[in-house]
Amino acid sequence: MAEILIRNGFVIDPTRNINGDVADIAIKDGKIVESVGASAKVIDATGKTVMAGGVDVHAHVAGPKVNVGRLMRPEDKLHKSPHAQKNYRMESGFSIPSTFKTGYDYARMGYAFVMEAAMPPLHAPHVHEEIHDTPIIDQAALPVFANNWFVFEYLRNGEIENAAAYIAWLLKATKGYGIKVVNPGGTAAWAWGLNCLTLNDPVPYFDITPAEIITGLMKTNEYLGLPHSMHIHQNDLGNPGNYEITLESLRLAEGVAAKNNFGRDTVMHSTHIQFHSYGGDSWGTFESRAREVMDYVNKQKNISIDLGCVTLDETTTMTADGPFEHHITNLNHLKWANTDVEVETAAGVVPYVYDKNIKVSGIQWAIGLEMGLYAADPMRTFITTDHPNAGPFTRYPRIIKWLMSKQAREETLASFKHTDKVIDATNIHSMDRELSLFEIAQMTRAGPAKALGLSGMFGGLSVGMDASVGIFDLNVNDMPSDPEAIEKAFARACWFIKSGEIIVKDGDIVSHGNKRTIWVKPNVAENPQVIRDIEDKFLKDYSVGSDTYQVRDYLAPNPYVIEFDVEA
Amino acid sequence: MPKWITQVGCPYCGASCDDLEVLVSDDGKRVLETRNACAIGNEIFHHAQSPSRPKLPRMRQPDGSMKEVSYDEAIDYTAKTLLAAKKPLIYGFGSTNCEGMSAVARVAEKGGAVLDNCASICHGPSFLAIFDNGYPSCTLGEAKNRADVVVFWGCNPMHAHPRHTSRYSIFPRGTFTAKGQMTRTIICVDPRETDTAKLADHHLMVKQGHDYDLFDAFRTVLRGHDIPDEVAGIPKKTILDAAKVMKNARFVMIFFGMGCTHTDGRNHNVDIAISLTRDLNAHTKASIMAMRGHYNIAGPGQVWSWQFGFPYCIDLSKGTHAHMNPGETSSIDLAMRGEIDCFVNVGTDAGAHFPIRAVEQLKKHPFITVDPNICMASEISDLHIPVRVVGVEEPGVVYRMDNVPIQFKKVVDGPEGVPSDEELFDRVYERMCELTETEPIWLLAKDHAKAATNAEQ
Amino acid sequence: MTKKIVLNMITQRSIEEGVAMEKGKTTPEYFKACSIVEMNPEDMKKLGIWKNTSVRVTSEVGSVIVTAKEPTQFCPPGLAHIRQGVWANQVVPPRTQSTGTPQYSGFPVTIEPAIDERVKTALELVQGSVGLWKGGN
Ligand code: SF4
Ligand SMILES: [Zn+2]
């Protein structure tokens, strides 16, 4: 691979506490190096910002429910894409872009890694087929575990070791990355049309509660020493007054210590926290509880969160929280897709319009941003839209603009139909904080990389790290007075280099790159009981064979496997 | 020693059974015996061995006869014909794997073709209904484990999906349906007393073509309103009884088929079926599923949705973006309007399954068939290219009727020199690139070691 | 004067067709499975024919000779069924109600006795319709 030298840029690298120093970055064989030879390709970054490639901790970009969204919504195509370009595949879709567009759009924004946030294990081959067709970006996928019958049975009996052996088997079978929890217990209840709306609602037939599932999976995660912490979408998402149950779930992490060899300090990642930080007892009294939730997150050092910011778009909601999607379709009366998945999970999909003219949409928008602005530790607070739930990932540059500019926030606030009501129900209007580029780099690069246990690879520009580097048209010493320029700069990188290869030049894609599928393979001691249980469930409860189920190697043709032995 | 291979997928109907066992000869070339398959599945594994199977492409000669040609020649002809056409139509995919569908998609994009699949003439109306009303569904294991009321509406699995009733819907003992058939109440809605209807506790012999009325009556009753004494040929009391059964169920599973999509009302019948399912969810848990015909006909809907955003009727002829508008960009309508100037039939038999008037229209222009076997389409084609049989000689991912991906195996070697659909279309693509002096795109991702995925795994 | 009746036609799948199709569409099994029309004995009586006689089925788009059979799955009077396949598609109207899907079921056909007419093979029908049939007739 060619050598590259990025010269004279303002380097922002929170992992080394470098904040806008003018420096050169040398690249060789896909890695950052000390120096390169005279024949290296030189990229002049004078007057521009240089950051590591972006790391998205949570987005729904590949797999069955994303594809249900694409299939079900021909009206989402919208022709917004750059139209077909010579030597590139056709692009399509706005809130649920095609796989090709997904890869291209992340690359245009300078992102190197994206975590598919919810993989139904039974559909793992589908997830990998889509990942395979998503160019450029490195990807991993989190299998969902919190409504899985094996997990219920092991945790109910306090058998952490068996739960760990099963999870290790499943990560290998599905080429998964870690432990995802979605509406613990509630999604299993949904198979009978029910839900678990508190942490103590027992799951029908399984004699276990959401609190026990969360605690058990957190312990199992640390028993295995996985790179990422348990990653949770909590119970009672999206309902007025849910901040209390959110705090209650977060408290379950108290006293749990991270145990792993990947540099991770956290034991719980609480995702799209915006949807879980609501006050009031009805849509009429709906209000922000961002401060209460963030006060807790700020002081509880073993938790990380991502925002799930509402972007005020027409989008598509999709989640393994099956009962929630049923609730949404009953609210907005739009089309509803649902897929209950035997033994494991469920998913629902409903289109949604976050309308500036609707008070609740405005309040949701404010809450997401407030949480970012209240963050005391940007290394534990990450920017997401829970793509596409609160808005498409292509709006990250807009969220960065709002977080960096009070002026931009005020302009948006003023454009609402119910500006005053939104101001009354939130704190956004009184918040003056404007995040720095350094903090943005923490929230989109160094922070998520660390929480994912990937800080040796992504999120920084130290020698030896993966050479994924974005160059943005922003002068640290002369930041634009017009906030729109910030959004524009992050929407289209001047240059993006992914694992040592030039992918984007002047905002345009110039290569399909060298994408990888990252998955985790913890080796545990052979566990005959778990092997028997697996055989048994496939015979009795599943509709497919255990052999059919396991993802073939060729479906992930460029694997990067994180393999390690679990010490019992 | 001959060897039994287990957990083999069956490449016929949408039940996509993956529990077949196949006894393969010592040399790995012949299927000796199968277990667990139904009559049709069994036939597939044995027919693949037929000595009459073509092993080389055949090109039609001026005198009307067919002459064997090399694969290179066939690939060259296909590439040139696709490039020369203004609006080629590539149609089929009832029997190929997703790898093949992906390869064809690349060819279609390059050639500015219309890409369509058998759903166009089967469950296309179901897609239209899904676009409007969504799809509250589940995997087949859910039906097996939970459904205590199963409705078959305009579908006849005893004939079209022979093991569906024993694996998923009527007979199996599931987690919460431990007594199998005894746990379940079966409702069948069909204008004939089909073999499925004979198994039902309630057969509603609807007046043919009046499905919408009857769905409407169910919705009305469930909302507590009165209905006329007879609707769609069914007496009020029968409707009230069946509605009560559904309402009191713990889990209602509605399967529907061509009886809804092939007749008057088409998508509207499915639309209201979905509405009924939504309504039922106010009372209990209810799910609905299209009885997809072929073992991987859900596949193109998946692959092309993630690649282009649409499941079928995809017009790529604009070159800049994909366009879908069934009625306009659907195979039969395009054919009848005479818009198609090259037809490629892949893994299906349009010659037998299209209305003959549409076949006549298509036959006015170059007509190419890609299929392992002699079929009606191959026998009127200008070129027939044989390929390996997926699920027998070629592994790959297929999507079952519930959109669950099933990884099919290969059990025997294909005839020597005969490529898979994927290999064939990749070569067509590369030839198209050569002819247009352009770079192949995104072939890199396919540098995969597929050879590793064989029966040994 | 020969009698005629108008029936409502549906064309659907059957396991016989499925098995035969996998054997091959040029096999006797396929011919036997698909070159038939199933109709209620009452309708046969109206038509003045016995089972297993040839009839001509004519729709808005064409006609086909098939053998009249008593249904293996009960068909009420007024309804006729030709199993999905080559013979059915000689009469299926390609109109799609703007959905892309032809009228495979629920279209009117006229049925009349055609005692002395031969039921053509699949290949003859399909090749014949596009001018490729080289056999006799
Ligand atoms: S039911 Fe369908 S998939 Fe199963 S064996 Fe029979 S034809 Fe094959
Ligand atoms: Zn999410």
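The name recorded for chain C in an unreviewed UniProt entry is Molybdopterin dinucleotide-binding protein, from Methanocalculus taiwanensis.

As annotated in an unreviewed UniProt entry, chain B carries the name Formylmethanofuran dehydrogenase subunit B and is attributed to Methanocalculus taiwanensis.

Caption draft 1: Main features of the overall build of chain C. For chain C, the helix and strand inventory stands at four helices and six strands. Going residue by residue from the N terminus, the α and β elements of chain C occur as β-α-α-β-α-β-β-β-β-α. Along the first, second and third principal axes, the C-alpha set of chain C runs to 40 × 35 × 30 Å. Taken across its 137 residues, chain C has 60% of its residues classed as buried. Intrachain contacts of chain C at a sequence separation of at least 6 include 73% that bridge at least 24 residues. As displayed, chain C has an accessible area near 5,500 Å², and 54% of this comes from carbon and sulfur atoms.

Caption draft 2: Representation of the site of ligand 1 in the model. In the region of ligand 1, the neighbouring residues are Cys10(B), Tyr12(B), Cys13(B), Ser16(B), Cys17(B), Ala37(B), Cys38(B), Gly41(B), Pro162(B) and Arg163(B). Split into classes, the residues belonging to the shell around ligand 1 amount to seven nonpolar, two polar and one charged.

Caption draft 3: Highlighting the environment of Ala375(A). Here Ala375(A) shows up in the loop between α11 (359–374) and β18 (381–382). Here Ala375(A) falls in the buried class, since its relative accessible area comes to 1%.

Caption draft 4: The sheet that holds strand β2 (residues 20–24) of chain B, seen in detail. Residue and element names in this part refer to chain B. Within the open sheet, the three strands sit side by side as β1-β2-β3. Their pairing is antiparallel. Looking at strand neighbours, the two that pair on one side only are β1 (3–8) and β3 (31–35), the edges of this open sheet. Taken pair by pair, the neighbouring strands of this sheet meet at an average axis angle of 25 degrees, ignoring direction. Both β1 and β2 contribute to a ladder of four bridges, which runs antiparallel. Directly across from Val 8, in β2, lies its bridge partner Leu 20.

Caption draft 5: Local environment of the UniProt feature "domain: Molybdopterin dinucleotide-binding" (unreviewed entry) in chain C. In the numbering adopted here, UniProt assigns the feature "domain: Molybdopterin dinucleotide-binding" (unreviewed entry) to residues 7–106 of chain C. The span residues 7–106 of chain C is 23% helix and 29% strand, and its two end C-alpha atoms sit 9 Å from each other.

Caption draft 6: Representation of the interface of chain A and chain B within the structure. Between chain A and chain B, the contact holds 64 residues from the first and 69 residues from the second. Approximately 6,000 Å² of surface area, both sides summed, lies buried where chain A meets chain B, with 54% of it carried by carbon and sulfur atoms. On the chain A side of the contact with chain B, Met90(A), Trp192(A) and Tyr554(A) bury the most area, a combined 14% of that side's loss. Where Asp547(A) meets Lys409(B), a salt bridge forms, and the shortest distance between an N and an O atom there is 2.8 Å. Summed over the shared surface of chain A and chain B, the number is 39 residue pairs in polar contact (both at pLDDT 80 or more). Secondary structure elements with two or more residues in the side of chain A that touches chain B: α1 (64–72), α2 (99–108), α3 (124–132), α10 (322–332), β16 (336–341), α17 (528–540) and α18 (546–549) of chain A. No other element matches β16(A), which puts six residues into the side of chain A that touches chain B. Classifying every residue of the side of chain A that touches chain B by side-chain character gives 28 nonpolar, 23 polar and 13 charged.

Caption draft 7: A look at the packing of aromatic side chains. Throughout the structure, instances matching the rule amount to 40 aromatic pairs over all chains. Judged by centre distance (6.0 Å) and plane angle (45 degrees), the ring pair of Trp192(A) and Tyr205(A) falls under tilted. You can see Trp192(A) sitting in the loop between α6 (186–190) and α7 (210–224) and its partner Tyr205(A) sitting in the loop between α6 and α7, a full 13 residues away along the chain. Ring pairs connect the aromatic residues Phe145(A), Phe150(A), Tyr154(A), Tyr166(A), Trp169(A), Phe538(A), Tyr542(A) and Tyr549(A), which therefore count as one cluster. Arg106(B) extends its terminal NZ or CZ atom over the ring of Tyr429(B), reaching a point 5.5 Å from the ring centre.

Caption draft 8: Representation of the nonpolar core within the structure. Counting 370 residues, the largest nonpolar core has Leu217(A), Ile90(B), Leu115(B) and Ile111(C) as its most contacted members. In this view, Ile90(B) contacts Leu82(B), Val104(B), Val107(B), Ala108(B), Ala113(B), Val114(B), Leu115(B), Asp116(B), Val344(B) and Val346(B); residues no more than four positions away in its chain are not counted. Among the nonpolar cores identified, the runner-up in size contains 20 residues, and Ile32(A), Ile43(A), Cys494(A) and Trp495(A) belong to it.

Caption draft 9: Expanded view of the coordination of the zinc ion (ligand 2). Residues and elements named next belong to chain A. Around the zinc ion (ligand 2), the donor atoms from the protein are His 58 (NE2), His 60 (NE2) and Asp 386 (OD), and they sit 2.0 to 2.1 Å away. Summarised as a motif, the one-chain spacing of the donors to the zinc ion (ligand 2) is H-x1-H-x325-D. Of this pair, His 58 sits in strand β6 (residues 54–59) while Asp 386 sits in the loop between β18 and α12 (396–404), placing them 328 residues apart in sequence. Neither His 58 nor Asp 386 differs from the other in exposure class; each is buried.

Caption draft 10: Inspection of the interface of chain C and chain B at higher detail. Listed as interface residues are 53 residues of chain C and, on the opposing side, 60 residues of chain B. Across the interface of chain C and chain B, roughly 4,500 Å² is buried in total on both sides, 58% from carbon and sulfur atoms. On inspection of chain C and its partner chain B, the count reaches two salt bridges. Ionic pairing is found between Asp349(B) and Lys25(C), a salt bridge with its closest N-O pair at 2.8 Å. Counting across the interface, chain C meets chain B through 33 residue pairs in polar contact (both at pLDDT 80 or more). Breaking the side of chain C that touches chain B down by element, the ones donating at least two residues are β1 (5–12), α1 (15–23), β5 (79–83), β6 (105–113) and α4 (122–129) of chain C. No other element matches α1(C), which puts eight residues into the side of chain C that touches chain B.

Caption draft 11: Local environment of α11(A). Over its 16 residues, α11(A) runs 22 Å from end to end, which matches the ideal 22 Å to within 8%, given 1.5 Å per residue. Counting buried positions along α11(A) yields 16 of 16 residues, so the element is predominantly enclosed.

Caption draft 12: Structural detail: the sheet that holds β5(C). All names here are of chain C. The six strands are arranged β1-β5-β2-β4-β3-β6 in a closed barrel whose pairing can be described as mixed. For this sheet, the mean inter-axis angle between neighbouring strands, taken without regard to orientation, is 45 degrees. Direction of pairing for strand β2 (residues 36–39) relative to strand β4 (residues 63–69): parallel, over a ladder of three bridges. Residue pairing in the sheet places Glu 38 in a bridge with Lys 69 of β4.

Caption draft 13: A look at the pairing of strand β21 (residues 396–399) of chain B. Residues and elements named next belong to chain B. The alternating pattern of β21 places Gly 396 and Val 398 and Val 397 and Tyr 399 on opposite faces, both of which are buried. Bridge count between β21 and strand β22 (residues 405–408): four bridges; the pairing is antiparallel. Bridge pairing links Tyr 399 to Pro 405 in β22. Here β21 folds back onto β22, and the loop between the two strands holds five residues, one of which, Asn 403, carries a positive phi near 65 degrees.

Caption draft 14: Spotlight on α2(A). Burial within α2(A) is extensive, with 10 of its 10 residues counted as buried. Backbone geometry just downstream of α2(A) places Gly110(A) in the positive-phi region, at approximately 80 degrees.

Caption draft 15: Representation of unusual backbone geometry within the structure. For the bond running from His387(A) to Pro388(A), omega is -5 degrees, close enough to zero to count as cis. Look at His272(A): it is not a glycine, yet its phi comes out positive at around 30 degrees. Of note, His272(A) is situated in the loop between β11 (268–270) and β12 (278–279). With a relative accessible area of 1%, His272(A) lands in the buried category. For Ser98(C), which is not glycine, the phi dihedral falls at a positive 60 degrees. The exposure class of Ser98(C) is exposed, given its relative accessible area of 52%.

Caption draft 16: Inspection of the pairing of β6(A) at higher detail. All names here are of chain A. For β6, a buried count of six out of six residues is recorded, marking the element as mostly surrounded by other parts of the structure. In this structure, β6 lies alongside strand β7 (residues 111–119), joined through four bridges in parallel fashion. Note that in β7 the partner of Val 55 across the bridge is Phe 113.

Caption draft 17: A look at the side chain of His276(A). Of note, His276(A) is situated in the loop between β11 and β12. A polar side-chain atom of His276(A) sits 3.3 Å from a polar atom in the side chain of His272(A).

Caption draft 18: Representation of the packing of helix α9 (residues 290–299) of chain A against α11(A) in the model. Residue and element names in this part refer to chain A. Put simply, α9 and α11 touch, their axes get as near as 9 Å, and they point 35 degrees apart. By crossing handedness, the relation of α9 to α11 is classed as right-handed. Contact residues: α9 offers Ala 290, Arg 291, Val 293, Met 294 and Asn 298, while α11 offers Ile 367, Glu 370, Met 371 and Tyr 374. Across the contact of α9 with α11, the residue classes break down as six nonpolar, one polar and two charged.

Parameters at a glance
- Residues numbered from 1 in each chain as written.
- Chains lettered and ligands numbered in written order.
- Predicted model: local features only at pLDDT ≥ 70, side-chain atom pairs only at ≥ 80, totals over all residues.
- Heavy atoms only, no water.
- Helix = DSSP H or I, 4+ residues; strand = E, 2+ residues; numbered from the N terminus.
- Buried < 20%, exposed > 50% of the residue type's maximum accessible area, 1.4 Å probe, protein only.
- Contact = heavy atoms within 4.5 Å.
- Areas by Shrake-Rupley, 256 points an atom, 1.4 Å probe, with all protein chains shown as cover.
- Near = heavy atom within 4 Å.
- Nonpolar A, V, L, I, M, F, W, Y, C, P; charged D, E, K, R; others polar.
- Pairing = 2+ DSSP bridges.
- Axes fitted to C-alpha atoms, helices over the stretch in contact; angles between N-to-C directions.
- UniProt positions renumbered as here; feature names shortened; annotations may be inferred.
- Buried area = accessible area lost by both parts, 1.4 Å probe.
- Salt bridge = Lys/Arg side-chain N within 4 Å of Asp/Glu carboxyl O.
- Polar contact = N/O pair within 3.5 Å; in protein donor to acceptor, adjacent residues only side chain to side chain.
- Phe/Tyr/Trp six-rings, centres within 6.5 Å; stacked < 30°, edge-to-face > 60°.
- Lys NZ or Arg CZ within 6 Å of the ring centre and 35° of its normal.
- Core = buried A, V, L, I, M, F, W, Y, C linked by side-chain atoms within 4.5 Å.
- Donors = N, O, S within 2.8 Å, 3.2 Å for Na, K, Ca; no water.
- Expected span 1.5 Å × (residues − 1).
- Left-handed = near helix turned anticlockwise from the far one by under 90°.

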